[in-house]
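The chain contents come next:
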Amino acid sequence: MGTREGEATGTVTGRPATALGRMRAVLGRRPLAVDAVLYFGCACYALVLALTDKHLGYRVWGAFAVAGYSLALTHTCWLAFSARRRAADSLVRSRWTPVAIVGLVGMLAPLATLVTRRAVAGGDWTSDPGQWHAQPEVWVIERSADTLLATGTPYLDLASLGHAPGVYDYAPYGPVMAVFGLPRALFGGHPVTDALTDARLVFAAVAVGCVLAALRLWRPTAIPVGAAQLAAVFPLTALTWATAGPDLAIVALVVLALALAATGRPVSAALVCGLVTHAKLIAAPAVVVIGVLVAVRLGGRALARYIAGFAGATVVLVVPVLLVNPGAFTEHVLLFPAGLAAVTSPAASPFPGHLLAGTGPVGTVLAFVLLAGAGVAVLAWLVRTPPRTAADAALRIAVALAAFTLLATATRFGYLVYVSVLLGAVMVFRSRAEVPLGTVEPGSGSTGDRAPPTSS
């Protein structure tokens, strides 16, 4: 079909013939057909958003994305039906070309357009989503940075606002999230500097940097095209990239922590886990899973260093902010996301947990019970079959976050970007053999971040 073998299948040979493995093998025999279906579906989704969505940013993204996915579909069909089929010895005949097209037309172009229009026309702090050039989380995080510089905490004291708190007075993130808004807080104030310091650019830079660092650590033999399709050009990622961005930075940090842990760097992994958890609590399951991975691969002493590193990061990152205004921290970070604050969270995607909570108090209790049950099930999975590879750990984190997204009472459809990116990471992590348990890869960091060879 005009593709390299590894590029065509996106799979690794020699795996057990499970049902999932057999399905991958069937799909791998017709990779261009799968690509065509993917790009066609993505184009349809983007077209619906472009024509019907109330959010200006979503419509702008949709317009660009329709063009990007359509060009990718056209190229894929040309590859599939070209009369001169031969090995993919040039970029133009590669399955990576549609990925690049979507990246340029469906991700970079709408991001640049929205950032520029926001710097010139504004649209922040209005209740009309038809004027938003950035989703509310962008300007809330930038405001948090201003508040942090002014008061020592990123959280507004709601009791001193002089008016009833509104939904955008809340910053439902950990204190680390405000760091992404610091460039705007420090250097903004002019349309040019406002554009250059838009928090979305900071999120994008961190996400790309973390992925590149993880790849450098992991050194995969190849990156499957399917991994890039899931993690980058899928609408969940492309839309978030252009209109918001914090979730991409968070999940990229999780992937980096996985690579650090799997290559024998427990302390570095713990520090990254500290950063990511105290930016957004949704990443908390990753801390547990990565801790189990460290214990299984490197032993008890490495786990102790991991726990100490995470605890130290927590003290440094959270305690100073907590001491400034513990009530504000509790209201913003804990009560608001749980739906227990004075204002209800606008996160209301029609998933089971939210639908149950909408039926009344009994439904809310049932939703929390189901969420707790899902957590217990994931913990039991960790105990019975602990992750022994980075791919195993990434899959467990993806499942845990999928369960949270589906069963939480206040949740967003966009949170599924964690699942798609982590599933793409699973494919990359599986693309090379891992070092044996209890060993550390060469060049894995300073002595203090290494675990001595030990049995698990």
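Calculation criteria
- Residues numbered from 1 in each chain as written.
- Predicted model: local features only at pLDDT ≥ 70, side-chain atom pairs only at ≥ 80, totals over all residues.
- Heavy atoms only, no water.
- Salt bridge = Lys/Arg side-chain N within 4 Å of Asp/Glu carboxyl O.
- Helix = DSSP H or I, 4+ residues; strand = E, 2+ residues; numbered from the N terminus.
- Buried < 20%, exposed > 50% of the residue type's maximum accessible area, 1.4 Å probe, protein only.
- 1 Å grid on protein atoms, 1.4 Å probe; cavity = no way out; pocket = protein on both sides within 12 Å on 5 of 7 lines; lining within 4 Å.
- Points joined across faces, edges and corners; volume = space filled by probe spheres on them.
- Nonpolar A, V, L, I, M, F, W, Y, C, P; charged D, E, K, R; others polar.
- Axes fitted to C-alpha atoms, helices over the stretch in contact; angles between N-to-C directions.
- Parallel < 35°, antiparallel > 145°, perpendicular 65-115°, else oblique.
- Left-handed = near helix turned anticlockwise from the far one by under 90°.
- Contact = heavy atoms within 4.5 Å.
- Core = buried A, V, L, I, M, F, W, Y, C linked by side-chain atoms within 4.5 Å.
- Phe/Tyr/Trp six-rings, centres within 6.5 Å; stacked < 30°, edge-to-face > 60°.

Undergrad: Now, about the pattern of salt bridges: what can you tell me, with residues and values included?
TA: Evaluation of the coordinates by the stated rule reveals 8 salt bridges. A salt bridge links Asp 198 to Arg 118, with the shortest nitrogen-to-oxygen separation between them at 2.9 Å. With Asp 198 in the loop between α8 (191-196) and α9 (199-218) and Arg 118 in helix α5 (residues 96-121), the pair connects residues that are 80 residues apart, well separated along the chain. When the shortest N-O distance is used, the salt bridge between Glu 142 and Arg 184 registers 3.9 Å. Of the two residues, Glu 142 is situated in helix α6 (residues 136-151) and Arg 184 in helix α7 (residues 182-187); the sequence distance between them amounts to 42 residues. In terms of burial, Glu 142 and Arg 184 fall into one category: buried. Residues joined by salt bridges that share partners form a network here, namely Arg 118, Asp 124, Glu 142, Arg 184, Asp 194, Asp 198 and Arg 200.

Undergrad: I'd like to hear about empty space enclosed by the protein, residue by residue, with values.
TA: Under the counting rule described, the total for this entry stands at 1 cavity of 30 Å³ or more. The computed volume of the largest cavity comes to approximately 40 Å³. In this structure, the largest cavity is lined by Ile 141, Ser 144, Pro 154, Tyr 155, Ala 171, Tyr 173, Gly 174, Met 177 and Ala 178. Residue composition of the lining of the largest cavity, grouped by class: 7 nonpolar, 2 polar and no charged.

Undergrad: Please provide a residue-by-residue account of the packing of helix α12 (residues 246-262) against helix α13 (residues 266-277), values included.
TA: Viewed as axis vectors pointing N to C, α12 and α13 meet at an angle of 165°, and their least axial separation amounts to 8 Å. Overall, the two elements α12 and α13 adopt an arrangement that is roughly antiparallel. Classified by chirality, the crossing of α13 by α12 is left-handed. Residue-level contacts link Ile 250, Leu 253, Val 254, Leu 256, Ala 257, Leu 260 and Ala 261 of α12 to Ser 268, Ala 269, Val 272, Cys 273 and Val 276 of α13.

Undergrad: Kindly report on the environment of Asp 157, identifying the contributing residues and their values.
TA: Secondary-structure assignment places Asp 157 in the loop between α6 and α7. Along the sequence, Asp 157 and Asn 325 sit 168 residues apart, while their C-alpha atoms lie 7.9 Å from each other.

Undergrad: Explain the nonpolar core residue by residue, including any values.
TA: Grouped together as the largest cluster of nonpolar side chains are 108 residues, with contacts concentrated most on Trp 61, Tyr 69, Leu 258, Ile 290, Ile 397, Leu 422 and Phe 429. The greatest single-element share of this core, amounting to 15 residues, is contributed by α12. Excluding residues that lie within four positions of it along the chain, Trp 61 makes contacts with Tyr 45, Ala 46, Leu 49, Tyr 69, Gly 106, Pro 110, Pro 235, Ala 238, Leu 239 and Ala 242. Core analysis: the second largest hydrophobic core is formed by 6 residues, Leu 158, Tyr 170, Ala 341 and Val 343 among them.

Undergrad: Outline the environment of Lys 54, supporting the account with residue identities and numerical values.
TA: As for its position among the elements, Lys 54 is in the loop between α3 (31-52) and α4 (56-81). C-alpha of Lys 54 to C-alpha of Asp 128: the two residues are 74 residues apart in sequence and 8.8 Å apart in space. In contact with Lys 54, other than residues within four places in its own chain, are Arg 59, Pro 129 and Gly 130.

Undergrad: Provide a residue-level description of the packing of aromatic side chains, including the pertinent values.
TA: Inspection of every chain in the model, using the stated rule, returns 11 aromatic pairs. When the ring of Tyr 170 is compared with that of Phe 336, the centres are 4.4 Å apart and the planes differ by 15°; the resulting orientation is stacked. One end of the pair, Tyr 170, is in the loop between α6 and α7; the other, Phe 336, is in the loop between α16 (326-335) and α17 (352-357), and 166 residues separate them in sequence. We note that Tyr 170, like Phe 336, is buried. Seen in terms of ring centroids, Trp 218 and Phe 429 are 5.1 Å apart; in terms of plane orientation they differ by 85°. Their pairing is edge-to-face. Residue Trp 218 is located in helix α9, and its partner Phe 429 is located in helix α20 (residues 416-429); the two are separated by 211 residues in the primary sequence. You can call Phe 429 buried: its relative accessible area is 4%. By way of ring pairs, the aromatic residues Trp 125, Trp 132, Trp 139 and Tyr 168 are connected into one cluster.

Undergrad: Give me the lowdown on unusual backbone geometry, citing residues and values where you can.
TA: Residues other than glycine seldom take positive phi values, yet Trp 125 does so here, at roughly 60°. Its location among the elements puts Trp 125 in the loop between α5 and α6. We classify Trp 125 as partly exposed; its relative accessible area is 44%. With a phi angle near 50°, Arg 219 is a residue other than glycine that sits in the positive phi range. Here Arg 219 lies in the loop between α9 and α10 (225-233).

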